[in-house]
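One letter stands for each residue in the lines below.
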Amino acid sequence: MRSYKEKSFQAITYITALTTIVLLMGIIYSLFREGIPLFGKVDVRSFLFTNSWYPTHAEPEFGAWALISGSLIVTVGALVIGIPLGLGSAIFISEIASGRMKEIAKPVIELLAGIPSVVYGLFGMAFLAPLIRQWFHLDTGLNVFSASVILGVMIVPIIASMSEDALSNVPKSIREASLALGSTKIECIFKAVIPAARSGIIGSILLGFGRAIGETMVVLMVSGGSAQIPRNIFASARPLTSTIAAEMGETVMGDLHYQSLFALAILLFAITFITNLITELVFLKRSFR
Amino acid sequence: MVNSRINTENLNLWFGKNHVLHDVNLSIYDKKVTAMIGPSGCGKSTLLRCFNRMNDLIPETRIEGRIMLGEKDIYAPKTDITKIRAKVGMVFQKPNPFPKSIFNNVAFGLAIQGKYSKCDIHSRVEESLKAAWLWDEVKDRLHSSAMALSGGQQQRLCIARALANSPEVLLLDEPTSALDPQSTAKIEELCLELKKSVSILIVTHNIAQAGRISDYTAFMYLGQLVEFGKTEAVFTVPGDKRTEAYLTGVFG
Amino acid sequence: MNKRTLNNYLGIGILAAFLLMTIGFLVVFLVRMFYKGLPVLSLNFIFRNPREAMTAGGIFPAVAGTFWLTSLAILVAFPLGVLTAIYLSQYGKPRWLVRTVKVAINTLAGTPSIIFGLFGMAVFVNLMGFDVSLLSGSLTLAILAMPMIINATEEAIRGVPNDFSEASLALGATKRQTIMKVVLPTALPSILTGTIISIGRVAGETAPIMFTAATFYSRRLPHNITDEVMALPYHIYALMTEGTKPEAQVPIAYGTALVLLLMVLTISAGAVAIRFSIRRKRKW
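Note that the coordinates shown come from a computational prediction; the quantities given were computed from them, not determined experimentally.

(A) Up close: the environment of Pro239 of chain A. Residue and element names in this part refer to chain A. By secondary structure assignment, the location of Pro239 is in the loop between helix H10 (217-222) and helix H11 (240-247). Residue classification places Pro239 among the buried positions, given a relative accessible area of 3%. The contact partners of Pro239, leaving out residues within four places of it in the chain, are Leu67, Gly70, Ser71, Val74, Val219 and Ser223.

(B) Here's a closer look at the interface of chain A and chain C. At the interface, 83 residues of chain A touch 84 residues of chain C. Linking chain A with chain C are three salt bridges, by the criterion used here. With 22 residues, the top contributor of residues to the side of chain A that touches chain C is helix H1 (residues 2-35) of chain A.

(C) Main features of the side chain of Glu227 of chain B. All names here are of chain B. Mapped onto the fold, Glu227 is located in strand S11 (residues 224-230). No salt bridge is formed by the buried Glu227; its nearest oppositely charged neighbour, Arg242, is found at 8.1 Å. A distance of 2.7 Å separates a polar atom in the side chain of Glu227 from a polar atom in the side chain of Thr243.

(D) Inspection of the confidence of the model for chain A at higher detail. Counting all residues, the mean pLDDT for chain A is 90, and 98% of those residues have values of 70 or more. Here helix H4 (residues 99-113) of chain A stands out as the element of chain A with the lowest mean pLDDT, 83, in contrast to H10 of chain A, whose mean of 95 is the highest.

(E) Spatial organisation of the pairing of strand S9 (residues 199-203) of chain B. Residue and element names in this part refer to chain B. For S9, the buried fraction is high: five of the five residues fall into the buried class. Here S9 shows two buried faces, one formed by Ser199, Leu201 and Val203 and the other by Ile200 and Ile202. Relative to S9, strand S4 (residues 33-37) runs parallel, the two being bridged by four bridges. Note that in S9 the partner of Ala35 across the bridge is Ile202. Across five bridges, strand S8 (residues 169-173) lies against S9 in parallel orientation. Paired with Leu170 across the bridge in S9 is Ile200.

(F) How the structure looks around the interface of chain C and chain B. Listed per partner, the contact involves 17 residues of chain C and 23 residues of chain B. Taken as a group, Glu166, Ala170 and Leu171 of chain C account for 34% of the area that chain C buries against chain B, more than any other trio of residues on that side. One can count two salt bridges joining chain C with chain B. Inspection of the chain C/chain B interface yields six residue pairs in polar contact (both at pLDDT 80 or more). When residues of the side of chain C that touches chain B are traced back to their parent elements, those giving at least two are helix H7 (162-170) and helix H8 (175-204) of chain C.

(G) Seen up close, the pattern of salt bridges. Applying the stated criterion across every chain, the model contains 26 salt bridges over all chains. The partner of Arg275 of chain C in a salt bridge is Glu110 of chain A, with the nearest N and O atoms 2.8 Å apart. A residue pair is termed interchain when its members come from two chains, as with Arg275 of chain C in helix H11 (residues 246-281) and Glu110 of chain A in helix H4. Because the salt bridges share partners, they merge into one network encompassing Arg5, Asp30 and Glu168 of chain B.

(H) Inspection of the environment of Ile102 of chain B at higher detail. Residues and elements named next belong to chain B. Within the secondary structure layout, Ile102 lies in helix H3 (residues 102-113). Residue Ile102 is classed as buried on the basis of its relative accessible area of 0%. When the C-alpha positions of Ile102 and Lys196 are compared, they lie 25 Å apart, and in sequence the two are 94 residues distant. Apart from the residues lying within four places of it in its own chain, the contact partners of Ile102 are Val138, Arg141, Leu142, Ser144, Ser145, Ala146, Leu149 and Leu157.

What counts as what
- Chains are numbered independently. Their residues run from 1 in the order of the written sequence.
- All chains are assigned letters beginning at A, and all ligands numbers beginning at 1, according to the order in which they are written.
- At least 70 in pLDDT is required for a residue's local features to be given in this predicted model, at least 80 for side-chain atom pairs to be given and counted, and no such filter applies to totals for whole chains, interfaces and linings, which use all residues.
- Side-chain figures throughout are based on the complete set of non-hydrogen atoms in the structure, without hydrogens or water.
- Secondary structure elements are taken from DSSP: a helix is a run of H or I of four residues or more, a strand is a run of E of two residues or more, and numbering for both begins at the N terminus.
- Throughout this description, buried means an accessible area under 20% of the type-specific maximum (1.4 Å probe, protein chains only), exposed means over 50%, and partly exposed covers the range between.
- Any two residues whose heavy atoms approach within 4.5 Å are treated as being in contact.
- Only one rule defines a salt bridge in this text: a Lys or Arg side-chain nitrogen within 4 Å of an Asp or Glu carboxyl oxygen.
- A positive count includes Lys and Arg, and a negative count includes Asp and Glu. His and the chain ends are not counted in either.
- A 3.5 Å cut-off defines polar contacts: any pair of N or O atoms within that distance qualifies, except that in protein one atom must be a possible hydrogen donor and the other a possible acceptor, and neighbouring residues in sequence count only when both atoms are side-chain atoms.
- A residue's pLDDT is the predictor's confidence in that residue, given on a scale from 0 to 100.
- Between any two strands, pairing holds if DSSP finds at least two bridges.
- Defined here as a combined quantity, buried area equals the accessible surface (1.4 Å probe) lost by two parts on assembly, summed across both.

If you want it as structure tokens, here you go:
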């Protein structure tokens, strides 16, 4: 009786653990099931590398290059802002701040991570964009620059908290050795501590990248939305995520447009999946703990 | 004539490829205190943990030989390990009460068996706490957290918790090494009282402690049982040079 | 002052400046949200229905919708997450399966939320025929919450000292009894903290519910799980991008955003405070 209960409890935990794998497989399968039929009519190369996204025209065209480049440019912009702010904050909190300040700063960063993206989107749309428009004398503030700023701030908590962990895991002896050899605080940080925490820091940046490229609401609301390759940082862009979100409502289930949006999702999933896998396997090794 | 409660027969144990116990033949006598001494890493704790099959938790453990508890081989196939562990109680080096109330700590072993009434449990908890000389100190706060007790009290609580299962044998794994001298003395006295009703096997680093409380002493060295006999005999005329060297502090 | 000392101060100054910029942005952000949101906020705003095509009135259906979406999602994700974490941390065999599950969890955790939305739409809405509904949305959000709950629970369980399980096993408890009576109760406060944090995240998600649950305008509250619902995050998005009267809609959007923000921040701050007090009280 007792061993029957033992076995069934263990079996239940085993089955629930399997559901995570089933869910992931299910997600991959459903993306492919809905998205792959597109490639019967559009060849993969022209989907990826031509620049003409006219899904609703009488003669629809599905060249997603402008959307892909929109995603990449906005994400790179976000990293340009997020890396210095996030890393700088992490280094300051971990290496320079007093214990008291650490105790305050860490929970605050955690709270920042909890702010819903749609609220950032609203802030960008109703506050930042008009300011950018005024300052730079533009027609509209809804552009790559504004989206990058907001996205950059959004990934600060990710980069900061994970790098901070990596930095504080560096053994004290490394710092002491460096300082005892006569290095200044900054030399110690940049020549001894950061190299020791390197893989964790790179991992945090990759996670930030994955988060930025997959973020929907901010780019949907702030990046402007025109399906053209952005020519400069004040041009409008239409990243993959916002294309999916904005156009899915107009499609009919199973038509080419619907399939093309799932094809974009496959691409997006592939990017984040590979980024994650590299991060996990190479830099963080969390899956093997 | 004393009866033996536990007998090991040519016990060998491996952790992976590491041969930890070599051909151990040891008897634990009924209602006596047996002390196991020996330098760190000699296998005495590992041997102790064979008697309630706690080594099963360590992956890649392999055992040969037999351990007889009364008439039964505790390593026989289809043995219910949980019953063995209820019969062979164990107290650990570091006091490890659960973060629960004092009462629930002692009641734990009975509650999980699910066959005792509330009333039974209550009386057994009281008996066990009395037997562990803790009742007077805690009877007014049975439902407050066990974590608030002092180290010595926590260790006696762990003894009471093991006693509640009415074990035949009590295994003590260096029970006083984390305690102050006063608490240690109290636990030693308690052992002398408890042996009236239960067989005790105690692992200790403290040779003097073994001399004070044990009837029999086993000396282990490098995974072998070097010497086993009445404590007076082992301490006064050790039969093996290694025992003598250890007892006189040549190595430790 | 020599060059190295100068560089030292300069470096520290730059690092401090980055931290201050982050804090500065946060301050501007919060001030703006409160400055624009507070005038709109009132009990009527929270507890009344919207009027005149969303240009006036309150947001109660959205508050209720977010409450139901989040509660149902957590109700589904919590037991699944905790059981999975028990498997990973307590049974953990075979090793290859543990690794595969962990890779799956970390992949799910890093998957963009819009993809969960598409999955929910393809599977729950269309394939299973739940339509755009509270049910489809909650299930979609549950998938999103699971990795967070699993990771929090696993960490909480690993924080329980081995001494406790050993003591329990040595008293004759089975593995299941040890898990249910010793390990889980000891880890529970930390598990709940992690779960509360995930509640905050789930409540603020927009993309997963866009095509699975949310509707812009509903005058009534959801009556059962097959109804479409309004939700706070989607309501903010809709007010900013749809409709014809931005001058009336934007203030309502700010008010809604402040409600959502306060909700999420209170939830997360509560979790952080609980964790702080657990760490201080803990005696092992």
